[in-house]
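Topology and contacts: notes
The residues making up each chain are set out below.
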Amino acid sequence: VTLNIQPDTGQLAQAAADHIAAQIRAKPDLSILVATGNTPMPAYAELARRVAAGELDCSRVTAVQLDEYLGVSDDDPRSLWGWMVRSFVEPLGIARTVRLENPAQFEAALQQLGGLDLAILGLGPNGHLGFNEPPSPPDAPTRTLEITPESLVSNAAYWGELAVPTGAITAGMDVILAACQTLLLVGGAHKRDILHAAVEGPETPEVPASFLRRTTLTVIADRVAWA
Ligand code: F6R
């Protein structure tokens, strides 16, 4: 595990953007699994700034969807696809995407892509990755599931008055753990205990993120999430 602790969320975003941009420079046709959620947004905005400034070219990157609620249409404000397109695909000028619609379609698309080079992930307050809710073993496949009560609460922060959908589809643990590299972005004191469990605790399905240590993992966190 490479642990990169930054003084604050602004520098977390810069460090994350540096890490992602370096990988795109090294392999311009990088395939990236893309988390939504709040933590990576400032990093995505910084990448968009670099693209707009002509410092970075993402035109050959493929962006792959990590997760989605069930039963939300494309124009629903809660669509995670919509969030990914607005925050990552469009501002970075990315032409190729893989959408997560059903497990069979997704697995075929990933196979055609030749797998994932990089997975950008946030850490659920309960240790989830995507919607791989605890308990999720390392071979948990891409699947639909019921969102846990804990994650319904953490997701409510995104949607104001709107209810959080109760069903989801997620890229499996098997997909995430097969990525050549994983990048876990973690900010905030409320993530401290679960971050330590993920990085230092036993590998357990109760903390799905603990299995990331089986991959080439970089954790970028702010100080309060690690202290
Ligand atoms: C989002 C996702 C979730 C979040 C996690 C952390 O696509 O898959 O697993 O990454 O819940 O969310 P934030 O960053 O909002 O704390």
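Owing to the predicted nature of the structure, the values given are computational and were not obtained by experimental measurement.

This part takes up the overall build of the protein chain. Helix and strand counts for the protein chain come out as eight helices and ten strands. Since a compact globule built from 227 residues should have a radius of gyration of about 17 Å, the 16 Å found for the protein chain is in line with a globular shape. Here the C-alpha coordinates of the protein chain stretch approximately 45 × 40 × 35 Å along the principal axes. Classification of the 227 residues of the protein chain by burial places 43% in the buried group.

Listed under "domain: Glucosamine/galactosamine-6-phosphate isomerase" (unreviewed entry) in the UniProt record, and renumbered for this structure, are residues 11–215. When the span residues 11–215 is considered, its composition is 36% helix and 16% strand, and the gap between its end C-alpha atoms is 24 Å.

As a packed pair, helix α1 (residues 9–26) and helix α2 (residues 41–52) sit with axes 8 Å apart at the nearest point and diverge in direction by 55°. Here α1 is positioned oblique relative to α2, judged by the angle of their axes. In this structure, the crossing between α1 and α2 has a hand that is right-handed. Where α1 abuts α2, its residues Thr9, Ala13, Gln14, Ala16, Ala17, Ile20 and Ala21 lie against Pro42, Ala43, Glu46, Leu47 and Arg50.

Moving on, we get to unusual backbone geometry. Of the consecutive residues Pro134 and Pro135, the connecting peptide bond is found in the cis state with omega at -5°. Locating Pro135 in the fold gives a position in the loop between β6 (118–122) and β7 (143–146).

Reading across from one edge, β4-β8-β7 is the order of the three strands in this open sheet, with antiparallel pairing throughout. For this open sheet the edge positions go to β4 (67–69) and β7, each flanked by a neighbour on one side alone. Averaged over all pairs of adjacent strands, the angle between their axes in this sheet comes to 25°, without regard to strand direction.

In spatial order, the strands read β1-β10-β9-β6-β2-β3-β5; together these seven strands make up an open sheet with parallel pairing. With partners counted over all chains shown, the strands left at the sheet margins are β1 (2–6) and β5 (96–98), one partner each. Adjacent strand axes in the sheet meet at a mean angle of 20° when their direction is disregarded. Sheet topology note: the strand β2 (residues 31–34)/strand β3 (residues 62–65) ladder contains four bridges and is parallel.

Thresholds applied
- Residues numbered from 1 in each chain as written.
- Predicted model: local features only at pLDDT ≥ 70, side-chain atom pairs only at ≥ 80, totals over all residues.
- Helix = DSSP H or I, 4+ residues; strand = E, 2+ residues; numbered from the N terminus.
- Rg over C-alpha atoms; globule rule 2.2 N^0.38 Å.
- Buried ≥ 20, exposed ≤ 12 C-beta atoms within 10 Å, placed from the backbone.
- UniProt positions renumbered as here; feature names shortened; annotations may be inferred.
- Axes fitted to C-alpha atoms, helices over the stretch in contact; angles between N-to-C directions.
- Parallel < 35°, antiparallel > 145°, perpendicular 65-115°, else oblique.
- Left-handed = near helix turned anticlockwise from the far one by under 90°.
- Contact = placed C-beta atoms within 7 Å.
- Pairing = 2+ DSSP bridges.

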